[in-house]
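These are the residues of each chain, in order.
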Amino acid sequence: MATSIRLRRLGAIAVVAGGAYTIVRNPSFSSNDRGDKSTALDTFRRKIADPFAVVPSRATQEAALIGSSLSNPLDILVVGGGATGCGVALDAATRGLRVGLVERDDFSSGTSSRSTKLIHGGVRYLEKAVFNLDYGQLKLVFHALEERKQVIDNAPHLCHSLPCMTPCFDWFEAIYYWAGLKMYDLVAGRHLLHLSRYYSAQESVELFPTLARNGKDKTLKGTVVYYDGQMNDSRLNVAIACSAALAGAAVLNHAEVVSLLKDEGDGRIIGARIRNNLSGKEFDAYAKVVVNAAGPFCDAVRKLADKDAKPMICPSSGVHVVLPDYYSPDGMGLIVPKTKDGRVVFMLPWLGRTVAGTTDSNTSITMLPEPHENEIEFILDAISDYLNVKVRRTDVLSAWSGIRPLAIDPKAKSTESISRDHVVAEEHPGLVTITGGKWTTYRSMAEDAVDAAIKSGKLNPANKCLTYNLQLIGADGWEPASFTILAQQYVRMKRSHGGKVVPGVMDTAAAKHLSHAYGVLSERVAAIAQNENLGKRLAHGYPFLEAEVAYCAREEYCESAVDFVARRCRLAFLDTDAAQRALPRIIEILAAEHKWNRSRQKQELQKGKQFLETFKSSKNAQFHDGKH
């Protein structure tokens, strides 16, 4: 089986390697392709894993939306291209429904790309469940732990388990955290990633060299290490969107809902007026049900249906900073459940750097939230109590803010109903809103939203939800050692300063990066690097290749420089200054792919610089307190 998959994939790469990148369109599969025993799940698995498959073009997707009409509407139109919205599109498409999705910016451009990068069960919810005897919180943990395992299994190239160390500065803490995390293991049951365990102070410092032996005026007694999941969030989001497209959904980024269409008779929502933000053209898309999955902006969509709608969102700001790799060892995180002011702070290795955070404070809803200097200082001060390395503001490579859309049930009588769980509501006929929740449970949130949409629109799905065991694009056949194929079989052809094409080694760092970012499709990217002389790195010290820009423009609906630098590769989040230096070359490649004129290229450079200014690296910092 593995050999046949390998041969099919090599055949696909050979087609790509031929120079032209117009691979045969995804062949249509019927449920009878493999006899009577073939199931709908098998069919969609083959569609998404087909080595010859390419996502439909943007023009094709837009035409599918424009082609809907009052007499021939879509079953579901999804508003919002974050994790939940794309999850809804994938779920509905694999149930055999006609689905469209529109996102006014880019897939994962909002909260979904600005997460903590953890796929977690919720250790804190377990603590609340025990001390408050709250069965609802316990159910939330059970559910999140089950979904955590499925997210990792369905996209193993983009997700992995991560050990997280909790320092203990007295013996009571050591016993308390050990017992609590053993309970976390027990609740996980068969969905357990790895068993937690206690390490002595000496063992802990060997595992985490920058951990301080003395902190909070106490001496380190030891640490308890437990496991949660970690992900490349926006690449996972894009994978969900592309998987939905291969499953038959018409997904369109940079397409904004201007207004909702209502039936003149009963006032039911029957579609939306949509503006293509790239061309400026507007069109109507009709659907039996509209699903509002706009995250922090879901209230704005609800007000298009009813201008007096009460808020469902209580926005909260989560700020993160990125520091050099020497702050934390590769493969081990540090989580402090209670800092001196009672907040949770973590420090995690991520894509070769260290992410630290987070804050949880009230905020206003904006398209490009920016971190405040005092929030960045709080994070740096909090981690400095637990490290033996000097924590400096000048080490901050990037800092960003995300808006958590905490949900308020519109039927509740008080604001005490603000929840970390999700809410599904249909306040206006034909408009189903899904909000709240967290990345870990995006798949089950989508399932609940599709169930509600089916009920609202009296839809007739061909089958039940299939996404629990459905691997995303790039996952089928991927193994942790897959990068060795790239390292052994491909070279990176690149142009030198003199314009001469010179060969370069597909080194381990580049091969590993491509393998984890694109899964088995990384060979397509490697083929572009080799055959189209796009093997040069975009930024010194980072493994991102020029070939990725071309691939993402062709295969992942990358329509702007910001789409690439923030969501397709993560350079904006990892190192704002490196991202700024890479912008001109990224724009040059995208201009060749999308046939941009000089004016559009200048516009892209300006927009890219403005976007990166919202990431407060040390060079972008605005110091007001006189300390620096």
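Computed from a predicted structure; not experimentally measured.

Next up on the list: helix H3 (residues 58-66). Since the α-helix advances by 3.6 residues per turn, residues separated by three or four positions end up pointing in the same direction. Buried residues of H3: Arg58, Gln61, Glu62 and Leu65, and no others. The buried residues of H3 occupy one face: seen down the axis, they fall within an arc of 95°. Considering only its buried residues, H3 is in contact with strand E1 (74-79), strand E2 (99-103), helix H9 (233-246), strand E9 (250-253), strand E11 (269-276) and strand E12 (282-292).

Here we take up the packing of helix H6 (residues 135-154) against helix H7 (residues 171-188). With their axes 9 Å apart at the nearest point, H6 and H7 run at an angle of 70° to one another. Relative to H7, the element H6 is oriented roughly perpendicular. Judged by the sense of rotation from one axis to the other, the crossing of H6 with H7 is right-handed. Packed against H6, whose contacting residues are Leu138, Val141, Phe142, Leu145 and Arg148, the element H7 presents Tyr184, Val187 and Ala188 at the interface.

Along the chain, the position of Asp448 falls in helix H12 (residues 442-457). For Asp448 and Val88, which are 360 residues apart along the polypeptide, the C-alpha to C-alpha distance reads 8.9 Å. Every residue in contact with Asp448, bar those within four places of it in the chain, is listed here: His422 and Val424. Polar contacts involving the side chain of Asp448 include one to the side chain of His422, which spans 2.8 Å.

Once that is clear, we can look at the confidence of the model for the protein chain. Confidence in the prediction for the protein chain averages 89 pLDDT; 90% of positions are at 70 or higher. Long-range and interchain partners of residues 1-37, a stretch whose pLDDT sits below 50, account for 60 contacts in this model, where long-range means more than four residues apart. Contacts of residues 623-628 to residues separated by more than four positions or lying in other chains number 5 contacts, the stretch itself having pLDDT below 50.

Every buried residue of helix H5 (residues 123-131) is accounted for by Tyr125, Leu126 and Ala129. Each buried residue of H5 sits inside an arc of 100° when the element is viewed along its axis, so together they form one side. Check the buried side of H5 and you find it contacts H6 and H7. Positive backbone phi, at 50°, marks Leu133, one or two positions downstream of H5.

Another point: empty space enclosed by the protein. This model, assessed by the stated rule, comprises 6 cavities of 30 Å³ or more. Estimated volume of the largest cavity: approximately 100 Å³. For the largest cavity, the lining is made up of 14 residues, of which Arg235, Ala239, Ile473, Leu521 and Glu556 are closest to its centre. With 4 residues, H9 is the largest single contributor of residues to the lining of the largest cavity. Grouping the constituent residues of the lining of the largest cavity by class yields 9 nonpolar, 2 polar and 3 charged.

The next thing to look at is unusual backbone geometry. Between Gly357 and the following residue, Thr358, the backbone shows a cis peptide bond with an omega angle of 5°. Mapped onto the fold, Thr358 is located in the loop between strand E16 (353-357) and strand E17 (361-362). Of note, the phi angle at His254 is positive, near 55°, even though the residue is not glycine. Residues other than glycine seldom take positive phi values, yet Asn533 does so here, at roughly 55°.

With that settled, consider the packing of aromatic side chains. Evaluation of the coordinates by the stated rule reveals 12 aromatic pairs. On the numbers, 5.9 Å between centres and 50° between planes, the contact of Phe169 with Tyr386 is tilted. Remark: Tyr386 occurs in the loop between helix H11 (373-384) and strand E18 (398-407) and Phe169 occurs in the loop between strand E4 (159-168) and H7; sequence separation between them is 217 residues. The buried category is assigned to Phe169, whose relative accessible area is 1%. Put simply, the rings of Trp400, Phe573, Phe611 and Phe615 pair up and form one aromatic cluster. Its end group placed over the ring of Tyr199, Arg197 keeps NZ or CZ at 4.0 Å from the ring centre.

About the criteria used
Numbering of residues starts from 1 in each chain and follows the order in which that chain's sequence is written. Given that the model is predicted, a residue must reach a pLDDT of at least 70 before its local features are reported, and side-chain atom pairs must reach 80 or more before they are shown or counted; all residues, however, enter totals for whole chains, interfaces and linings. The side-chain numbers reported here are obtained from all heavy atoms of the structure, hydrogens and water having been left aside. When a residue's accessible area, from a 1.4 Å probe over protein chains only, is under 20% of the maximum for its type it is buried; when over 50% it is exposed; and in between it is partly exposed. Runs of H or I in DSSP of at least four residues are treated as helices and runs of E of at least two as strands, each being numbered from the N terminus. To be clear, the arc concerns the directions from the helix axis to the C-beta atoms. In this analysis, two residues are considered to be in contact whenever any of their non-hydrogen atoms come within 4.5 Å of each other. To obtain each axis, a line is fitted to C-alpha atoms, and for helices this fit is confined to the stretch in contact; angles are then taken between N-to-C directions over 0 to 180 degrees. To sort the angles, those under 35 degrees are grouped as roughly parallel, those over 145 as roughly antiparallel, those from 65 to 115 as roughly perpendicular, and the leftovers as oblique. Handedness of a crossing follows from how the near helix is turned relative to the far one, being left-handed for an anticlockwise turn of less than a right angle and right-handed for a clockwise one. Any pair of N or O atoms that falls within 3.5 Å is considered a polar contact. Within protein, one atom must be able to donate a hydrogen and the other to accept it, and sequence-neighbouring residues count only if both atoms are side-chain atoms. The quantity called pLDDT is the predictor's confidence in a given residue, expressed from 0 to 100. Using a 1 Å grid laid over the protein atoms alone, points where a 1.4 Å probe fits but cannot get out form a cavity; open sets with protein on both sides within 12 Å along at least 5 of 7 lines form a pocket; any residue with an atom within 4 Å of a point counts as lining. Grid points are joined across faces, edges and corners, and a volume is the space filled by probe spheres set on the points. When residues are sorted by character, Ala, Val, Leu, Ile, Met, Phe, Trp, Tyr, Cys and Pro go into the nonpolar class, Asp, Glu, Lys and Arg into the charged class, and all the rest, Gly among them, into the polar class. The aromatic pairing rule takes the rings of Phe, Tyr and Trp, using the six-membered ring of Trp, and pairs them if the centres are within 6.5 Å, calling planes under 30 degrees apart stacked, those over 60 edge-to-face and the rest tilted. Only Lys NZ and Arg CZ are tested; either one counts as a charge over a ring when it is within 6 Å of the ring centre and within 35 degrees of the ring normal.

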